[in-house]
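One letter stands for each residue in the lines below.
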Amino acid sequence: GLNSRISPRFGRAPFMAFIDIADGEVKAVNIVPNQAANLPGGAGIMVAQWIISAQASDVIAPYLGPNVSMVLSQAGLRVHSIEPLIPLSEALRRAGLIR
């Protein structure tokens, strides 16, 4: 949930959090296992495509490689760089997505 810590690795994070936010407040949190975490290569791009297909508007991550950054940018997603290992709720606040 919102106390989960931000993984230091985007494409290989064990889980992804999909969060619905309205009026600066969290309305729903869906934590989903990352099916790409153990791929031998291309995990970041696969996760980026997954996030795009989920119609996300924002991504919070500590670091994105150049290819993933380009894919997300071309899809119009806003990327928020956040330090790793902080709680998800704090990351959302620092990104300005919740109050």
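Within each chain, residue numbers correspond to sequence positions counted from 1 in written order. The predicted nature of this model means local features are confined to residues of pLDDT at least 70 and side-chain atom pairs, given and counted, to a pLDDT of 80 or more, with totals for whole chains, interfaces and linings taken over all residues. Heavy atoms from the whole structure form the basis of all side-chain values; hydrogens and water molecules are not counted.

*Asks:* Explain the overall build of the protein to me, please; I cannot follow it from the model alone.
*Replies:* Looking only at helices and strands, the protein features three helices and four strands. Order of helices (α) and strands (β) in the protein, N terminus to C terminus: β-β-α-β-α-β-α. Using C-alpha atoms as the atom set, the radius of gyration is obtained and then compared with a globule rule of 2.2 Å times the number of residues to the power 0.38. Relative to the globule expectation of 13 Å for 99 residues, the C-alpha radius of gyration of the protein, 13 Å, shows essentially globular dimensions. Each principal axis of the C-alpha distribution contributes one length, and for the protein these read about 35 × 25 × 20 Å. Buried positions account for 32% of the 99 residues belonging to the protein. The contact criterion used is simple: two residues touch if any of their non-hydrogen atoms lie within 4.5 Å. Intrachain contacts of the protein at a sequence separation of at least 6 include 51% that bridge at least 24 residues. About 5,900 Å² of surface is accessible on the protein, with carbon and sulfur atoms providing 51% of the total. Counting rule applied: Lys, Arg positive; Asp, Glu negative; His and chain ends not counted. To locate a charge, take NZ of a lysine, CZ of an arginine, CG of an aspartate or CD of a glutamate. Considering the protein, the positive charge centre built from 8 side chains and the negative charge centre built from 6 side chains are found 7 Å apart. Helix and strand labels come from DSSP, where a helix needs a run of H or I of at least four residues and a strand needs a run of E of at least two; each type is numbered from the N terminus. Burial classification: accessible surface area is computed with a 1.4 Å probe over protein chains only, and a residue below 20% of its type maximum counts as buried, one above 50% as exposed, and the rest as partly exposed. Throughout, the Shrake-Rupley method with a 1.4 Å probe supplies accessible areas, and for residues the shown protein chains are the sole cover considered.

*Asks:* So what exactly am I meant to see when it comes to the nonpolar core here?
*Replies:* One broad rule of soluble globular proteins: the nonpolar side chains tend to lie buried together. Ranked by size, the top nonpolar core spans 14 residues in total, and within it Phe10, Val47, Ile51, Val59, Leu64, Val68 and Leu72 carry the most contacts. Among the secondary structure elements, those contributing two or more residues to this core are helix H1 (43-53), strand S3 (58-61) and helix H2 (66-74). With four residues, the top contributor of residues to this core is H1. With sequence-adjacent residues up to four places away left out, Val68 is seen in contact with Phe10, Gly44, Ile45 and Ala48. Nonpolar cores are built from buried Ala, Val, Leu, Ile, Met, Phe, Trp, Tyr and Cys residues. Side-chain atoms within 4.5 Å join them into one set. Residues Ile82, Leu88, Ala95 and Ile98 belong to the second largest nonpolar core, which totals nine residues.

*Asks:* How do you make sense of unusual backbone geometry when you look at a structure like this?
*Replies:* Apart from glycine, the bulk of residues carry a negative phi angle, and the bulk of peptide bonds sit in the trans form. In this model, Asp23 sits at a positive phi of 55°, which is unusual for a non-glycine residue. Within the secondary structure layout, Asp23 lies in the loop between strand S1 (15-22) and strand S2 (25-33). Positioned with a positive phi, Leu85 is a non-glycine residue whose angle comes to about 70°. Among the structural elements, Leu85 can be located in the loop between strand S4 (78-81) and helix H3 (88-94). A relative accessible area of 52% places Leu85 in the exposed class.

*Asks:* Looking at this model, I keep getting lost on the environment of Ser53. Mind explaining?
*Replies:* By the element assignment, Ser53 lies in helix H1. Overall, the relative accessible area of 56% leaves Ser53 in the exposed class. For the pair Ser53 and Ala17, spaced 36 residues apart in sequence, the C-alpha to C-alpha distance is 14 Å.

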